[in-house]
Amino acid sequence: SGTVVALGENLKVPFTVGQKVHLRGPGTMAQYILVDCFAAWPIQGDLSLDQAAPHIVNPGTVVYMSNLALEGGHKAAIHTAGSSALGRMFIRYFKEKGIKTINVVRKQEFVQELKNEGADYVLNSQAAGFEEQLKEIAEKENATLSFDAVAGDFTNKILTAQPAGSTCLVYGLLSGHNVNSISIMELFKKKRLGGLVVDSHIREYTEKGELGKLFTELHELLPTVFKSRIHKIFKLDDFQDAFAEYKATSSVGKIVIKFN
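Residues numbered from 1 in each chain as written. Predicted model: local features only at pLDDT ≥ 70, side-chain atom pairs only at ≥ 80, totals over all residues. Heavy atoms only, no water.

Enquirer: Even after reading the chapter, I still don't get empty space enclosed by the protein, so can you show me in this structure?
Expert: Empty space among the atoms becomes visible once a probe the size of a water molecule is rolled across them. With the rule as written, the count across this model stands at one cavity of 30 Å³ or more. In this structure, the largest cavity occupies an estimated 30 Å³ of space. For the largest cavity, the full set of lining residues is Arg24, Trp41, Ile56, Val57, Val198 and Ile202. Its residues assigned to classes, the lining of the largest cavity shows five nonpolar, no polar and one charged. (1 Å grid on protein atoms, 1.4 Å probe; cavity = no way out; pocket = protein on both sides within 12 Å on 5 of 7 lines; lining within 4 Å. Points joined across faces, edges and corners; volume = space filled by probe spheres on them. Nonpolar A, V, L, I, M, F, W, Y, C, P; charged D, E, K, R; others polar.)

See below:
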């Protein structure tokens, strides 16, 4: 997040100097950044820059996921980053929309914690019998949609657990590896593998002139459903400490770096 200090000409999306904005793109680890007008969004109300920094990508992605689930008539969805900030928003928002969630975590300590937040199911991927349990629940709840943030070999485990005719959308690379080893037998069951990028969804809203509608919903839910926990705030000079803290406590809350 930041403050607009200069404008180009003939912008397709209007901004003003001094306006506070959310933004994203390569180069955000800097005091100044040049971005396309579609890569910045106005901050509404009195939301601080600290609180605004994590409050577009995750909430916008969850809304996108929910829209896909509702449009496709899916009754339940699997998510593989259950303990993340996005994962917690996913649980709360999907519950409001009446869609059951099957959430995957890597540590047992998060199982009860996420159930307390309203998760219908929470499974530890490191526990014995994980794949069998996931398949049983996915078939029981007809979880024909999944969102995978891990990739690598894990994507195939998710797709295999889903019923015939299911879709798995990959949106992250937490494993550090590209998706591989997809079983041809799963494709024979009319299962589909795809990708999900929130930028295209934001652009659709912008081109339809409905970006304000999206932001109104996001900002109304920031104190509750889309609330982000900020764990610590670091100054630019301490960025190495910030990265170390993030690596050690990524599921505790957001790390904010102040560049100005």
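Enquirer: Hey, could you run me through the packing of aromatic side chains in this one?
Expert: What describes a pair of aromatic rings is the distance from one ring centre to the other and the angle between the planes of the rings. Following the criterion strictly, the structure yields six aromatic pairs and no others. Between Phe90 and Phe147, the ring centres sit 6.0 Å apart and the planes meet at 75°, which makes this aromatic pair edge-to-face. You can see Phe90 sitting in helix H3 (residues 85-96) and its partner Phe147 sitting in strand E7 (residues 145-148), a full 57 residues away along the chain. Using a relative accessible area of 0% as the deciding quantity, one classes Phe90 as buried. On the numbers, 6.3 Å between centres and 85° between planes, the contact of Phe239 with Phe243 is edge-to-face. With Phe239 and Phe243 both in helix H10 (residues 239-248), this residue pair falls four residues apart, about one helical turn. Phe239 sits in the partly exposed class, given a relative accessible area of 36%. (Phe/Tyr/Trp six-rings, centres within 6.5 Å; stacked < 30°, edge-to-face > 60°. Helix = DSSP H or I, 4+ residues; strand = E, 2+ residues; numbered from the N terminus. Buried < 20%, exposed > 50% of the residue type's maximum accessible area, 1.4 Å probe, protein only.)

Enquirer: Can you walk me through the environment of Gln112 in this structure?
Expert: Mapping Gln112 onto the fold places it in helix H4 (residues 109-116). Its relative accessible area of 46% is what places Gln112 among the partly exposed residues. Residues Gln112 and Val122, spaced 10 residues apart in sequence, show a C-alpha to C-alpha distance of 7.9 Å.

Enquirer: What exactly am I supposed to notice about the pairing of strand E2 (residues 20-23) here?
Expert: The two faces of a sheet get side chains in turn, since along a regular strand they alternate between them. When strand E1 (residues 2-3) meets E2, the two strands line up antiparallel, connected through two bridges. Residue pairing in the sheet places Gly2 in a bridge with Val21 of E2. (Pairing = 2+ DSSP bridges.)

Enquirer: Before we go on, may I ask you to explain the side chain of Thr167 in this structure?
Expert: Topologically, Thr167 is positioned in strand E8 (residues 167-170). Setting aside chain neighbours within four positions, we find Thr167 in contact with Thr144, Leu145, Ser146, Gln162 and Arg192. (Contact = heavy atoms within 4.5 Å.)

Enquirer: What am I meant to see in the sheet that holds strand E4 (residues 76-79) here?
Expert: Backbone-to-backbone hydrogen bonds pair the strands of a sheet. The strands run either parallel or antiparallel. Taken in spatial order, the six strands make up an open sheet running E6-E5-E4-E7-E8-E9, and their pairing is parallel. For this open sheet the edge positions go to strand E6 (121-124) and strand E9 (192-195), each flanked by a neighbour on one side alone. The average angle at which neighbouring strand axes cross in this sheet is 20°, direction not considered. Here three bridges tie E4 to E7, and the two strands are oriented parallel to one another. Of the residues in E7, the one forming a bridge with Ile78 is Ser146. Across the face of the sheet, H4 comes into contact with strand E5 (100-105) and E6 while running at roughly 170° to E6. (Axes fitted to C-alpha atoms, helices over the stretch in contact; angles between N-to-C directions.)

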